[in-house]
Amino acid sequence: MARDVSSQFAPSWYSAFEGGNNQGREQRQRAFVRLWRAFMRARVFIATVLLALQAFFLITKSGGPDWLTLLCSAHLCIAFLTLYLWRPSEQGRAAKVQWLLTIGVDVVVFALLQSFQIGNINYTALFALPVLLAAIMGSLTLALATAASVTLYLLGEAALNAPLFSDLSTARFLQAGLTGTGFFLVAVLANQLAIRLAREEALAASSQAAARAQAQVNELVIESLTVGVLVVDPHGVVRSANPAAQAMLLGQVSPQAAKLLLSARSSWQHLAHIVNETFSLGEALETETTIDNEDRPIQRLHARTRLTAQSGRRAGLCVLFLEDLREVEARVRTEKLASMGRMSAAVAHEIRNPLSAITQANALLDEEVQAPAQKRLTRMIEQNAQRLARIVDDILNVARAQPSQGQASSPTLPLDQTVRQIAQEWARQSRAERVLGVHVHAPEAYVGFDPEHLRRLLVNLLDNALRHASGKPSSIRLISQPSGHEHVRLSVWSDGQPLEASVMRHLFEPFFSSESRSSGLGLYICRELCERYGAQIAYRRTRLDQREGNEFYALIPASGPAAAAAREPLQQSLSYPVGDSVATRSEPHGHRLSGDAPLGAR
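Every value quoted in this text rests on a predicted model; they were computed, and no experiment measured them.

Conventions and cut-offs
- Residues numbered from 1 in each chain as written.
- Predicted model: local features only at pLDDT ≥ 70, side-chain atom pairs only at ≥ 80, totals over all residues.
- Heavy atoms only, no water.
- Phe/Tyr/Trp six-rings, centres within 6.5 Å; stacked < 30°, edge-to-face > 60°.
- Lys NZ or Arg CZ within 6 Å of the ring centre and 35° of its normal.
- Helix = DSSP H or I, 4+ residues; strand = E, 2+ residues; numbered from the N terminus.
- Polar contact = N/O pair within 3.5 Å; in protein donor to acceptor, adjacent residues only side chain to side chain.
- Core = buried A, V, L, I, M, F, W, Y, C linked by side-chain atoms within 4.5 Å.
- Buried < 20%, exposed > 50% of the residue type's maximum accessible area, 1.4 Å probe, protein only.
- Axes fitted to C-alpha atoms, helices over the stretch in contact; angles between N-to-C directions.
- Parallel < 35°, antiparallel > 145°, perpendicular 65-115°, else oblique.
- Left-handed = near helix turned anticlockwise from the far one by under 90°.
- Contact = heavy atoms within 4.5 Å.
- Nonpolar A, V, L, I, M, F, W, Y, C, P; charged D, E, K, R; others polar.

Right, let's get into the packing of aromatic side chains. What the rule picks out here adds up to 9 aromatic pairs. Taken together through their ring pairs, the aromatic side chains of Phe32, Trp36 and Trp99 make up a single cluster. Over the ring of Tyr553 we find Arg540, and its NZ or CZ is 5.8 Å from the ring centre.

Let us look at the side chain of Gln246. Relative to the helices and strands, Gln246 is located in helix α7 (residues 243–250). Only 2.9 Å separates the side chain of Gln246 from the backbone oxygen of Ala241, close enough to count as a polar contact.

A word on the nonpolar core. With 46 residues, the main nonpolar core has Trp426, Leu436, Phe449, Leu457, Leu461, Ile476 and Leu478 as its most contacted residues. Of all the elements, helix α12 (residues 451–468) adds the most residues to this core, at 7 residues. By size, the runner-up hydrophobic cluster in this structure holds 44 residues, among which are Trp99, Phe127, Ala135 and Leu142.

For the rest of this paragraph, the subject is the packing of helix α3 (residues 96–116) against helix α4 (residues 128–137). At a closest axis distance of 9 Å, the pairing of α3 and α4 adopts a crossing angle of 155°. By the angle between their axes, α3 is roughly antiparallel relative to α4. As for the relative orientation of α3 and α4, their crossing is left-handed in sense. Note on element contacts: α4 touches α3 through Leu129, Pro130, Leu133, Ala134 and Met137, opposite Trp99, Thr102, Ile103, Asp106, Val107 and Phe110. Class assignment of the residues belonging to the contact of α3 with α4 gives a composition of 9 nonpolar, 1 polar and 1 charged.

Another aspect to go through is α7. When α7 is considered as a whole, its buried residues turn out to be Ala244, Ala245, Gln246, Met248 and Leu249. Contacts from the buried residues of α7 go to β1 (228–232), β2 (237–241), α8 (269–281), β4 (286–291), β5 (299–307) and β6 (318–324). Gly251 sits one or two positions beyond α7 and adopts a positive phi of about 85°.

Let us now look at the environment of Arg376. For Arg376, the position within the fold is in helix α10 (residues 372–401). Sequence separation between Arg376 and Asp366 is 10 residues, and the spatial gap between their C-alpha atoms is 9.6 Å.

Here's what the structure looks like:
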């Protein structure tokens, strides 16, 4: 007969745990075994009480036959064996033997005690145990079958112990019928309540698993955020910090068990102050701040605080969000570059081809004309065409400076050797051998930089310095030296005039220039190239050999053999003679730069 799948009764109480995954099966098995052992302990307890009662009757000679004591002893032994040696099987598997050893044995033992016991003791209430065991541990069919067998026994006992059609027979039949009806109700209600409780337990377990999974997802999301997240208590103790926040504060990811105190370091005092202000005012705050570390570049951060809700007498926590302003600016630049990339492609197609035609036509025209006035006109055309070509090249270089996905890792270059080679080529092409001094002091340093990109970085900085330098001997200096334990410092210094404040604010922005004939992309390309390789570029006004000048310097992460060089004592800046130049001198070590601070120490 086909099973009615639309029945409102589930096959068993633990059907709520049924599922296709291993976790559901394990949870179902654990719940089944837990309730099974509870019922088996109850059986052992009842069997022990019955054996003690029969032993009392045997001693006082006031009970039934002596073999009832042996029956109770056998019942207790079977209950013990079932509790400690039998491995329960779930409903739907080969479980006939286990139900015979539990429900069947109980019904038979209670029936024999009820039938052969002498006296006024009634064992009918004990039949509730096998009925409940079948209703809760088995299916509804098994529960109804157990209740039916108990009811049939009670009716049979009533028929055998009283004459038919007598008042006593009617009363006993009525009592047996009511008792059997009660067992049926107990079987149905217990089965349905067990199913409902199992479903609630399964739902609670599912909700707990979902909450645990959500917590893991939240933890994974927080750990992968580039925004630093700190959870701080009212005492300034950091309860939790994601890797981004640890990297901002410590420069590395600390163990999870490590405790941080915002007031422990002087560079964190402003963070502790904003947290204390948040707790005092009871409202969210935000500000811009900096973290000045001794062995790492200064970090500019945007700090935001939020307060959690208080629970009872316990004070809430302060969640401190730290965002690196360089990343914010990088996102803004990325949006600008998206439009610049489209514009550069249009410029390449719409300007470069006509520009080539103009240059070629002007060259042919210059060969034919002889008058000085006409020659001046052709030279003007050539100069402006070359200027326009440089602008187009600068725009296209911005697009080329952006990293492409799937690009292989950059080669490791010996810094001093590469810098000296680039400087010699630039000085020869720009005819600046007299004004350029090269001072390399990182012979063991290696950097992960593409050679063409490093050449473009230095050429842009040197071109910029040449435009603003005085032209005196060694008015431009190119210097390399270790900086800290993990970086190499590469700087270009010139004795040009100080920059205006309005110019300094927009130094590295695209299309900004203090000269009308410049594209305004040179320093912007330098910054993009530096950030591509994890380096940082900056500007400052400094003194060198008692002369004020402008310095553009890049802090480049050291790689390869530079790790050993980084552990050597920090190379301080040196003093160089005015006549030093790229082609004539290799600098000795040991002299200090004059000025307010060493070039490589700040």
